[in-house]
Amino acid sequence: VSQYRGGDEIHHLTDKLQGRLLKGLRKVVSDTSEPLGPGAMDENTFLSKHEADVEIVFLRFFVKLFRNYKKYVEAPSEEVVEKFKKEEFLAEHPDRCEWLREVMETQMFQCFVDERYEFSNKTDNLEVLFFDEWIDKLEQKQSPFLSDTSQDHRPDSVEDTMSPNTAGLDEGKKYKYITFPKLDPNLMLPVRKPKKLVTEAEETRDNDRRIDMSKMA
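Residues numbered from 1 in each chain as written. Predicted model: local features only at pLDDT ≥ 70, side-chain atom pairs only at ≥ 80, totals over all residues. Heavy atoms only, no water.

A. Summary view of the overall build of the protein. Each helix and strand in the protein was counted, giving eight helices and two strands. Secondary structure of the protein in N-to-C order comes out as β-β-α-α-α-α-α-α-α-α. Per-residue burial for the protein yields a buried fraction of 23% across its 217 residues. Accessible surface computed for the protein: about 17,200 Å², of which carbon and sulfur atoms make up 52%. (Helix = DSSP H or I, 4+ residues; strand = E, 2+ residues; numbered from the N terminus. Buried < 20%, exposed > 50% of the residue type's maximum accessible area, 1.4 Å probe, protein only. Areas by Shrake-Rupley, 256 points an atom, 1.4 Å probe, with all protein chains shown as cover.)

Here it is in structure tokens:
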């Protein structure tokens, strides 16, 4: 399926790829044939409720599409002309189509290739590590980075920032400046030490985990 815009042919997803994507989206949105209309869930409400789920659907779609990309990335060398073997990738891809070829001609895909070509150690780039471990997850392999919950956001552990230090100032008095004032170091109070949010044991554990992952790269 294709359409024309400004004289250029723009190819759409094949029926197979479109069906795969819609299958995932229908698990999040009951009706994917119509945009949100009056009386339906407004866009902001929809995003707050389903945005993360929709992102995962598209992530899974592209992970499956490029799950074998490593096979076609050239080894870094001064003699390399094309960092990625596009034609070979397309020829051997089960879902090869003009849409996929056009995706591979985009600047975003070039960035995708550059990141993987330039970082021989995937732990140097967390986006590369994240995508690669999703591939491992799809293939039911171990994915220690995705399984790590040590950095998960925990509402019960939210810490408020320290309030401005008002020591020595008149209570209730407001200070207004037309331009940024010249600071007098003699009036500055000692820097307050912030509360440490991680223990030494947690820091040691995270450092050990990074070392373990670098050995796996």
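B. Quick look at the side chain of R116. Relative to the helices and strands, R116 resides in helix 5 (residues 107-118). Residue classification places R116 among the buried residues on the basis of a relative accessible area of 11%. For R116, the residues in contact, after removing those within four places along its chain, are Y69, E127, V128, F131 and D132. (Contact = heavy atoms within 4.5 Å.)

C. Just a nonpolar patch on the surface, in detail. On the surface, a nonpolar cluster with roughly 330 Å² of combined accessible area is contributed by L169, Y175 and Y177. Assignment of secondary structure puts L169 in the loop between helix 7 (144-147) and helix 8 (200-216). The class for L169 is partly exposed, based on a relative accessible area of 45%. (Patch = residues over 30% accessible without salt bridge, like charges linked within 9 Å, V, L, I, M, F, W, Y side chains within 5 Å. Salt bridge = Lys/Arg side-chain N within 4 Å of Asp/Glu carboxyl O.)

D. Region of the structure containing the nonpolar core. Membership of the largest hydrophobic core comes to 30 residues, with the highest contact counts inside it found for F66, Y69, F84, W99, L100, M104 and F131. The element best represented in this core is helix 2 (residues 43-65), accounting for six residues. (Core = buried A, V, L, I, M, F, W, Y, C linked by side-chain atoms within 4.5 Å.)

E. The packing of helix 5 against helix 6 (residues 126-138), seen in detail. It is at 10 Å that the axes of helix 5 and helix 6 come closest, and there the two elements cross at 100°. With respect to helix 6, the axis of helix 5 lies roughly perpendicular. Together, F112, E115 and R116 of helix 5 and E127, V128, F131 and D132 of helix 6 make up the contact between the two elements. Looking at the contact of helix 5 with helix 6, its residues break down into three nonpolar, no polar and four charged. (Axes fitted to C-alpha atoms, helices over the stretch in contact; angles between N-to-C directions. Parallel < 35°, antiparallel > 145°, perpendicular 65-115°, else oblique. Nonpolar A, V, L, I, M, F, W, Y, C, P; charged D, E, K, R; others polar.)

F. Quick peek at the pattern of salt bridges. In this structure the tally under the stated criterion is 11 salt bridges. D95 is the partner of R20 in a salt bridge, and the nearest nitrogen-oxygen pair spans 2.9 Å. Taken together, the residues R20 in helix 1 (residues 15-25) and D95 in the loop between helix 3 (86-92) and helix 4 (98-103) connect sequence positions 75 residues apart. Given the relative accessible area of 8%, D95 is considered buried. As a salt-bridge pair, K70 and D132 come within 3.9 Å of each other at their nearest N and O atoms. You can see K70 sitting in the loop between helix 2 and helix 3 and its partner D132 sitting in helix 6, a full 62 residues away along the chain. The partly exposed category is assigned to K70, whose relative accessible area is 43%. On the accessibility criterion, D132 (3% relative accessible area) is buried.

G. Looking closely at helix 1. Here helix 1 has its buried residues at L17, L21, G24 and L25. Taken end-on, helix 1 shows its buried residues confined to a sector of 105°, consistent with a single buried face. Exposed side of helix 1, more than 90 degrees from the buried face: D15, K16 and K23 are the residues found there. (Arc of directions from axis to C-beta.)

H. Structural view of the packing of aromatic side chains. Going through the model one piece at a time under the given rule, you end up with 13 aromatic pairs. Seen from their ring centres, F61 and F62 are 5.2 Å apart, and the 85° between their planes marks the pair as edge-to-face. Between Y69 and F112 the ring centres are 5.3 Å apart and the planes differ by 70°, which places this aromatic pair in the edge-to-face class. With Y69 in the loop between helix 2 and helix 3 and F112 in helix 5, this residue pair connects regions lying 43 residues apart in the sequence. Under the relative-accessibility criterion, Y69 is labelled buried at 3%. (Phe/Tyr/Trp six-rings, centres within 6.5 Å; stacked < 30°, edge-to-face > 60°.)

Read these as layout, nothing more, since geometry by itself doesn't imply function.
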